[in-house]
Amino acid sequence: MSALAPPAALRALDIRNVFWLLAAMAFVIAPHLLRVPAWVGIFFAAIIAWRGWISISAQRFPPRWFTTVLTFGASVAVFFAYGRIVGRDAGVTLLIVMAAMKLLEMRTQREVILCIYLGFFLVMTNFLFSQSIPLGIYLLACVWLFVATLVGFQRIGATPTVRERLVPAGLLLLQALPLMAAFFLLFPRVQGPLWALPQDARAGMTGLSETMTPGNISKLIQSDSLAFRVQFEDKIPAYGTLYWRGPVLWGFDGSTWRANESAPLRNAPYEKAERPVRYAVTVEPTGKHWLFALDIPGSTLPPGSTIRHDLQIRSTRPVDTRIRYEMVSYLDYAYDEKFPQMWRNYALSLGDESRNPQTIALGQQWRADLREPAAIVNRALTMFNREFTYTLEPPLLDERSPYDDFLFQTKRGFCEHYAGSFALLMRAAGIPARIVTGYLGGDVNPLNQELIVRQADAHAWVELWLEGRGWIRVDPTGAVSPLRVEGGMDAALGPIGAMSSLIAADKLGVLSRMRYAWQVVNSEWDQWVVGYNVDRQRQFLQQLGMGVNIDWQKLALWLGGSTFVIGGLIALGLLLRDLPRRGDPSLAAWKRFCAKLARIGLARAPHEGPVDFTERVAGTRPELERAAREITERYVEARYGRGASPAQLRELSRLVRAFRAA
Amino acid sequence: MFANIRQSVADWIFRAAVPEAPPVTLVQRRIFILPTRQGYFFAFTLLLLLMASINYTLSLGFLLTFLLAAMGGVAMLHTWRNLAHLKLRPGHCPPVFAGETAHFGVTIETPSRTRFAVAIRRRDAEPSYADVELGNVAVVSLPSAAVRRGRVACGRLEIFTRYPVGLFHAWSYFDFGLQVIVYPQPDASAGAPPTQSHGEAEEGIPVPGDDEFNQLRPYHAGDPPRQIAWKALARGQGLLTKEFNATASSEMWFDWNDARALDPESRLSVLCHWVLEAERMGQSYGLRLPGTSIEPGRGDAHRTRCLNALALHGDPKPQ
């Protein structure tokens, strides 16, 4: 029952409605608070509290000049915190500040709606930082809260309960899910970006860099984040052969190794290549150009990429999104015996010779003493094996002459120390050498046989050019720590951190199983949701049977068709529920009751009224008397008496269901 | 702006219709639906979200955009069916005095689910909202200022809803020809009603009045409290009313010519005041207007008859 309701504008800012909005805003901004400067979080919390207090105590809103000054001040503070206003991090922070200010001065229904839509934008900004499953679920809950808030604002003239907000909003979103899926799969994907991405759009991506100085890979090793995943077509090759080639570094200035712009490869260089390995790589965004493949990539290349003279695969566009490509590699090979003089000089360059004089002298001495390249290599590896220690926390090296310092002073280091010093020694000994950075090994998920390669698997090794054999791979780290090369980082260092040791203690138990299952789920999520791009869509639609030529008309037709079908089904479902019920529900319940009795031989005679019939039932089967009388009483009241409310009808129906005649 | 356009389009499509016989059931084809301004703004927001998703290649951004778009589509169905099959009947439209607020009543019933935030409004007026529960009758009361005596016609009404999310406006029109009778504004400055008799009432015939106690009779709703036999009630005899006989001489006649005011409306106001006063005092009174004569009487029905005659005297145009 209702009478007159006050005008919509007054009702719109009902205290509870405002609190729902404030709560939804707080939830959507929460994931950002770890990323923004601390004062932004405090500012936001204070504004929310202030707005809540205005509603509770019916206080006045702050004057316009005050909010204007505060907004301006906060924007300036954002500028000083980031040095700019545009860009991902500064932009998101500014949006948070603006949303808070908008909440503070929100007075009318229109401003409320604006704030809710702003909330949807804030949901979107979270995806700039992560598109993981947990965050996705969390933000879906936030969307639910916002829609529930929207529902609350429509309940003009009433204060809806929590249930009356959450249930309709949840129902709307649930019914929207199939349509969302159809749109997601069929909506024509455009390859972004539409406009230039801000410079920091991909900030925070970890990965190998184009240079190698002692120290930068060991930082990477601390990161547990994913580099790429691999699905092998057949058996996974032995761990020790899983060298994933990344940037190849030729240039050397005395301390830093650099990738150079080497010429594209014209002819397949391998002389001998057997046993190809086929696999698909799904690589995480790096913002860089290179793609990873097993040691010697075969003739097929990922779309939109080229292979360089030094067998480095480079994508023409920076890898801004997760991409998937199929590869063929040869693990057993020999290549490039004819090695141009220009490159030979490049691979023998010692950089600034004054910077690592001791190292260069040692290499030159070996050349004079041993002559045979194989002997020189062995000599160096033996030296590493006997005198050096493998550690993730190497002492700091003298920047001026790092390799002298490492080889003759500290003798404690990591793959990049060994690879760098070894390559320099070889060059000094007259053997052309270059450094390859990339990843070694990976972690096999037994549930789907997928190889997970993490940043922690980053590695650097050396390639030497030997007369008559071509380029061969030498991994000096293996001489110091064979376990690193054979079994991976965990084997080389022992478990790191509590989580790793827990999992180590639980080798094939519940924990590791759960971790592997989670990896599988994540992998599917990345393949089908996060990584669903133009190529994936094309692939999916071809599987659907849309043929090879998929143009936008075809897509529009499919999209329209599926929207029509799904929307029609939802509409039909809703309308069927609304149709006025045919027949009398109490009569239907009574008929079910009679049918149950007929089964035990107590059929109602056509002339028998309900009361007479029940008397007969009570007479022949006294144990059924109570239940039968109760049902009959309710039925008579509902059908011949004052009628029954829906609750009473439900009760009658429940009693009939519960009635057991045996 | 959109509201204005919609109003003009609606006026053009739904030209004046003949009042319908109640009840009106909102069958599917008489419900219309269009996006609200908030709905268009929502579409614009979705466009921005889509562009951001494309630009940053955010798959979850696409999911969010499509989820919200699909939610909007589903919301259209929900908004539309929030009105479907509702049953409307005219409600109570009590008479008022000029200068007061008239209320047009409409009752709404739902055949199935509870319908939330269903609104009814007269053109250009603030809507009145109600939740319609299954098994209950929702009563919506639409206020309207009654300026002059006569009739206030309600005219065509719009029933609409924007529930659940306000993106769509679903509406339907109906017209029961509701009207409220507006009595003249009583003129309190006119003083007490004239007591002289104009009647040629026949002597000896008792007329119900309050001069002379006649008998006790069972209480009827509407009997003045001061005629209740309180002593009888105290004795436990229940509610009884003292009935009096009025003599012909105490019978009042209110005549158009007695209300010596300048203009006809003021005269009606004076007469109105006298009728109310006489009724309050429990007097028997009659009313003579040019072309009308109401024999003396008492009680609510009589009073209403007199006030109606005053309200509709000269058949004023409906407001």
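In this text the structure is predicted, and so the values were computed from the model without any measurement. (Residues numbered from 1 in each chain as written. Chains lettered and ligands numbered in written order. Predicted model: local features only at pLDDT ≥ 70, side-chain atom pairs only at ≥ 80, totals over all residues. Heavy atoms only, no water.)

**What to know about unusual backbone geometry**
Reasoning step 1: The omega angle of the peptide bond from Pro 22 of chain B to Pro 23 of chain B is -5°, so this bond is cis rather than trans.
Reasoning step 2: The residue Pro 23 of chain B is located in the loop between helix H1 (2-13) and strand E1 (24-25) in this model.
Reasoning step 3: In this chain, Tyr 163 of chain B is followed by Pro 164 of chain B through a cis amide linkage whose omega measures 5°.
Reasoning step 4: Looking at the secondary structure, you find Pro 164 of chain B in the loop between strand E10 (157-161) and strand E11 (168-174).
Reasoning step 5: Although it is not a glycine, Arg 371 of chain A sits at a positive phi angle of roughly 65°.
Reasoning step 6: Looking at where Arg 371 of chain A falls in the secondary structure, it is placed in the loop between helix H11 (357-370) and helix H12 (373-387).
Reasoning step 7: With relative accessibility at 68%, the residue Arg 371 of chain A sits in the exposed group. (Helix = DSSP H or I, 4+ residues; strand = E, 2+ residues; numbered from the N terminus. Buried < 20%, exposed > 50% of the residue type's maximum accessible area, 1.4 Å probe, protein only.)

**Focus: the interface of chain B and chain A**
Reasoning step 1: Contacts between the two partners involve 55 residues from chain B, matched on the other side by 66 residues from chain A.
Reasoning step 2: Here chain B meets chain A over a buried area of about 5,800 Å², counting both sides, of which 73% is carbon and sulfur.
Reasoning step 3: Joining chain B to chain A, the criterion identifies one salt bridge.
Reasoning step 4: The salt bridge partner of Arg 155 of chain A is Asp 131 of chain B, with a shortest N-O separation of 2.8 Å.
Reasoning step 5: At the surface where chain B touches chain A, the tally comes to eight residue pairs in polar contact (both at pLDDT 80 or more). (Contact = heavy atoms within 4.5 Å. Buried area = accessible area lost by both parts, 1.4 Å probe. Salt bridge = Lys/Arg side-chain N within 4 Å of Asp/Glu carboxyl O. Polar contact = N/O pair within 3.5 Å; in protein donor to acceptor, adjacent residues only side chain to side chain.)

**Re the UniProt feature "transmembrane region" (unreviewed entry) in chain A**
All names here are of chain A.
Reasoning step 1: When the UniProt feature table is mapped onto this chain, "transmembrane region" (unreviewed entry) is found at residues 12-30, 36-53, 65-83, 112-129, 135-154, 166-187 and 555-576.
Reasoning step 2: When the span residues 36-53 is considered, its composition is 89% helix and 0% strand, and the gap between its end C-alpha atoms is 25 Å.
Reasoning step 3: Measuring from the first to the last C-alpha atom of residues 112-129 gives 27 Å, for a span that is 89% helix and 0% strand. (UniProt positions renumbered as here; feature names shortened; annotations may be inferred.)

**Structural notes on the pairing of strand E3 (residues 87-90) of chain B**
Reasoning step 1: Of the pairings in the sheet, the one linking E1 of chain B to E3 of chain B comprises two bridges and is antiparallel in character. Across the sheet, the residue bridging to Thr 25 of chain B is Lys 87 of chain B, located in E3 of chain B. (Pairing = 2+ DSSP bridges.)

**Observations concerning the domain arrangement of chain A**
Reasoning step 1: Looking at the assigned domains, one finds that chain A contains domain 1 (15-154), domain 2 (211-491) and domain 3 (585-658).
Reasoning step 2: The centre of domain 1 of chain A, based on its C-alpha atoms, is set 60 Å off from the matching centre of domain 3 of chain A. (Domains from an automatic or database assignment.)

**Here we look at the domain arrangement of chain B**
All names here are of chain B.
Reasoning step 1: With domains assigned, chain B is organised as domain 1 (2-182) and domain 2 (188-311).
Reasoning step 2: The interface is formed by five residues belonging to domain 1 together with nine residues belonging to domain 2.
Reasoning step 3: When the two sides are added together, the surface that domain 1 and domain 2 hide from each other amounts to roughly 500 Å², 59% of it contributed by carbon and sulfur.
Reasoning step 4: On the domain 1 side of the interface with domain 2, the three residues burying the most area are Phe 97, Arg 149 and Ile 181, jointly 87% of the side's total.
Reasoning step 5: At the junction of domain 1 with domain 2, the criterion picks out one salt bridge.
Reasoning step 6: Across the salt bridge formed by Arg 149 and Glu 265, the nearest N and O atoms sit 2.6 Å from each other.

**Here's the deal with helix H2 (residues 37-55) of chain B**
Reasoning step 1: Between its first and last C-alpha atoms H2 of chain B spans 27 Å; for 19 residues at 1.5 Å apiece the expected length is 27 Å, and the two agree.
Reasoning step 2: Of all the positions in H2 of chain B, only Gln 38, Gly 39, Phe 42, Thr 45, Leu 46, Leu 49, Leu 50, Ala 52, Ser 53, Ile 54 and Asn 55 of chain B are classed as buried.
Reasoning step 3: Tucked into the core, H2 of chain B has its buried residues touching helix H6 (109-127) and helix H7 (133-154) of chain A together with helix H3 (59-81) of chain B.
Reasoning step 4: Positive backbone phi, at 45°, marks Thr 57 of chain B, one or two positions downstream of H2 of chain B. (Expected span 1.5 Å × (residues − 1).)

**As for the sheet that holds strand E16 (residues 252-255) of chain B**
Residues and elements named next belong to chain B.
Reasoning step 1: Strand order in the open sheet made by the three strands is E16-E17-E18, with mixed pairing throughout. On the outer flanks of this sheet lie E16 and strand E18 (292-297), each paired with one strand and no other. Taken pair by pair, the neighbouring strands of this sheet meet at an average axis angle of 15°, ignoring direction.
Reasoning step 2: Across four bridges, the pairing between strand E17 (residues 285-289) and E18 is antiparallel. Bridge pairing in E18 links Tyr 285 to Gly 297.
Reasoning step 3: Seen against the sheet, helix H5 (residues 264-281) touches E16 and E17 and runs at an angle of roughly 165° to E16. (Axes fitted to C-alpha atoms, helices over the stretch in contact; angles between N-to-C directions.)

**Re the packing of aromatic side chains**
Residues and elements named next belong to chain A.
Reasoning step 1: Across all of its chains, the model carries 44 aromatic pairs over all chains by this definition.
Reasoning step 2: The interplanar angle of 85° and the centroid separation of 5.2 Å between the aromatic rings of Phe 384 and Tyr 418 together place this pair among those described as edge-to-face. Here Phe 384, found in helix H12, pairs with Tyr 418, found in helix H14 (residues 415-428); they are 34 residues apart in sequence, far enough to count as distant.
Reasoning step 3: By relative accessible area, Phe 384 is classed as buried at 0%.
Reasoning step 4: Taking 6.4 Å as the distance between ring centres and 45° as the angle between the ring planes, the aromatic pair formed by Phe 384 and Phe 422 counts as tilted. Of the two residues, Phe 384 is situated in helix H12 and Phe 422 in helix H14; the sequence distance between them amounts to 38 residues.
Reasoning step 5: Among the residues examined, Phe 422 registers a relative accessible area of 0% and is labelled buried.
Reasoning step 6: Clustering of aromatic rings is evident, with ring pairs tying together Phe 228, Phe 232, Trp 244, Tyr 279, Phe 292 and Tyr 439. (Phe/Tyr/Trp six-rings, centres within 6.5 Å; stacked < 30°, edge-to-face > 60°.)

**Some remarks on a nonpolar patch on the surface**
Reasoning step 1: Residues Phe 72, Val 76, Phe 79, Phe 80, Ile 85 and Val 86 of chain A make up a contiguous nonpolar surface patch of about 610 Å² in total accessible area.
Reasoning step 2: As for its position among the elements, Phe 79 of chain A is in helix H4 (residues 64-82). (Patch = residues over 30% accessible without salt bridge, like charges linked within 9 Å, V, L, I, M, F, W, Y side chains within 5 Å. Areas by Shrake-Rupley, 256 points an atom, 1.4 Å probe, with all protein chains shown as cover.)

**With respect to the packing of helix H3 (residues 38-56) of chain A against H4 of chain A**
All names here are of chain A.
Reasoning step 1: Here H3 crosses H4 at 160°, and the two axes come no closer than 12 Å. When the axis of H3 is compared with that of H4, the two are roughly antiparallel. Relative to H4, H3 is oriented so that their crossing is left-handed. In this structure, H3 uses Trp 39, Phe 43, Ile 47 and Trp 50 to contact H4, whose residues at the interface are Phe 66, Leu 70, Ala 74, Ala 77, Val 78 and Ala 81.
Reasoning step 2: Here the contact of H3 with H4 is built from residues that sort into ten nonpolar, no polar and no charged. (Parallel < 35°, antiparallel > 145°, perpendicular 65-115°, else oblique. Left-handed = near helix turned anticlockwise from the far one by under 90°. Nonpolar A, V, L, I, M, F, W, Y, C, P; charged D, E, K, R; others polar.)

**Quick notes on the side chain of Thr 45 of chain B**
Reasoning step 1: Of note, Thr 45 of chain B is situated in helix H2.
Reasoning step 2: Leave out the neighbours within four places in its chain, and Thr 45 of chain B touches Tyr 117 and Phe 121 of chain A.

**Re the sheet that holds strand E9 (residues 150-153) of chain B**
All names here are of chain B.
Reasoning step 1: In space, the three strands of this open sheet follow the order E4-E12-E9, with mixed pairing throughout. Of all strands in the sheet, those with a lone pairing partner are strand E4 (96-97) and E9, marking the two edges.
Reasoning step 2: Note: E4 against strand E12 (residues 179-183), two bridges, orientation parallel. Considered in E12, the bridge of Phe 97 is made with Tyr 183.
Reasoning step 3: The strands that helix H6 (residues 300-311) touches are E4, E9 and E12; relative to E12, the one it contacts most, it runs at about 90°.

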